[in-house]
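# Close look at the chain arrangement
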Amino acid sequence: MPRLPLAFFSAATLCALGGMTWGVIMAASNDHGMMTAHAHLNLMGWATLALMGGFYALTGKGGRLGWINFALSASGVVVAIPSLALLLTGNKAAEAGATAGSLLALLGMLVFLVVVLSGWRDAKTA
């Protein structure tokens, strides 16, 4: 497997493991106050990164834009999720981090859109 899809799947799997562990801890403690951050970790980290990795694995696309997509999307998760968790505890200073992480993730998705749309140039008619 090429390195780009492997990078996406590696990051996605780490997010899934973290999200599952977090969910078990919340269930065991019966404290679901972090449910929003947990859900965002699963969606932004596991689902989105894995889907992007699947696209790159199936299409063979990547290159510089693919790596930019990975850097923006993965760093968006790394910045947004801890900031959101802090924000949920009442730390208003974490709002800047949550916003920055969300913007990084949004930029990552925009780059992914460019990569996906560029596939129309090479698409075969069937």
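Quantities reported herein were computed from a predicted structural model and do not represent experimental measurements.

### Quick notes on the overall build of the chain
- Helix and strand counts for the chain come out as four helices and zero strands.
- Reading the helices (α) and strands (β) of the chain from amino to carboxyl end gives α-α-α-α.
- Once the C-alpha set of the chain is aligned to its principal axes, its extents read approximately 55 × 30 × 25 Å.
- Put simply, the chain has 126 residues, and 38% of those count as buried.
- Sequence-distant contacts in the chain: of pairs separated by 6 or more residues, those separated by 24 or more amount to 73%.
- Accessible surface for the chain amounts to roughly 7,600 Å². Of this, 72% is attributable to carbon and sulfur atoms.

### Quick notes on unusual backbone geometry
- Phi is positive for Asn30, which is not a glycine, with a value near 60°.
- Counting through the fold element by element, Asn30 comes out in the loop between α1 (3-29) and α2 (35-59).

### Brief notes about α2
- Taking 1.5 Å as the rise per residue, α2 with 25 residues should run 36 Å; its terminal C-alpha atoms sit 35 Å apart, in good agreement.
- Among all positions of α2, only Ala37, His38, Leu41, Met44, Gly45, Leu49, Ala50, Met52, Gly53, Gly54, Phe55 and Tyr56 are buried.
- Of the surrounding elements, those touching the buried residues of α2 are α1, α3 (63-88) and α4 (95-122).
- Just downstream of α2 lies Gly60, where phi reads positive at about 75°.

### Points about the packing of α1 against α3
- Across the interface, α1 lies against α3 with an axial gap of 9 Å and an inter-helix angle of 15°. The pairing of α1 with α3 is recorded here as roughly parallel in orientation. In the packing of α1 onto α3, the handedness of the crossing is left-handed. Judged by residue contacts, Arg3, Leu4, Ala7, Phe8, Ala11, Cys15 and Trp22 of α1 engage Gly66, Trp67, Asn69, Phe70, Val77, Ile81 and Ala85 from α3.
- Tallied by class, residues from the contact of α1 with α3 come to eleven nonpolar, two polar and one charged.

The rules behind each value
- Each chain has its residues counted from 1, running along the sequence as written.
- Where totals are concerned, whole chains, interfaces and linings use all residues; where local detail is concerned, this predicted model gives features only for residues with pLDDT of at least 70, and gives and counts side-chain atom pairs only at 80 or more.
- Excluding hydrogens and water, the side-chain figures rest on all heavy atoms present in the structure.
- In this description a helix means any DSSP run of H or I spanning at least four residues, a strand means any run of E spanning at least two, and both kinds are numbered starting from the N terminus.
- Only protein chains enter the accessibility calculation, which uses a 1.4 Å probe. A residue is then buried if its area is under 20% of the maximum for its type, exposed if over 50%, and partly exposed in between.
- Residue contacts follow a heavy-atom distance rule, with two residues in contact if any of their heavy atoms lie within 4.5 Å.
- Surface exposure here means Shrake-Rupley accessible area, sampled with a 1.4 Å probe, where a residue is shielded only by the protein chains that are shown.
- A helix is expected to span 1.5 Å for every residue after the first.
- For every element, the axis is a line fit to its C-alpha atoms; helices are fit only across the contacting stretch, and the angle between N-to-C directions ranges from 0 to 180 degrees.
- Geometric relationships in this document are graded by angle, where less than 35 degrees denotes roughly parallel, more than 145 denotes roughly antiparallel, 65 to 115 denotes roughly perpendicular, and other angles denote oblique.
- Handedness of a crossing follows from how the near helix is turned relative to the far one, being left-handed for an anticlockwise turn of less than a right angle and right-handed for a clockwise one.
- Gly is put with the polar residues, along with every residue not named as nonpolar or charged; the nonpolar set is Ala, Val, Leu, Ile, Met, Phe, Trp, Tyr, Cys and Pro, and the charged set is Asp, Glu, Lys and Arg.

Purely geometric stuff here, so don't read any function into it on its own.
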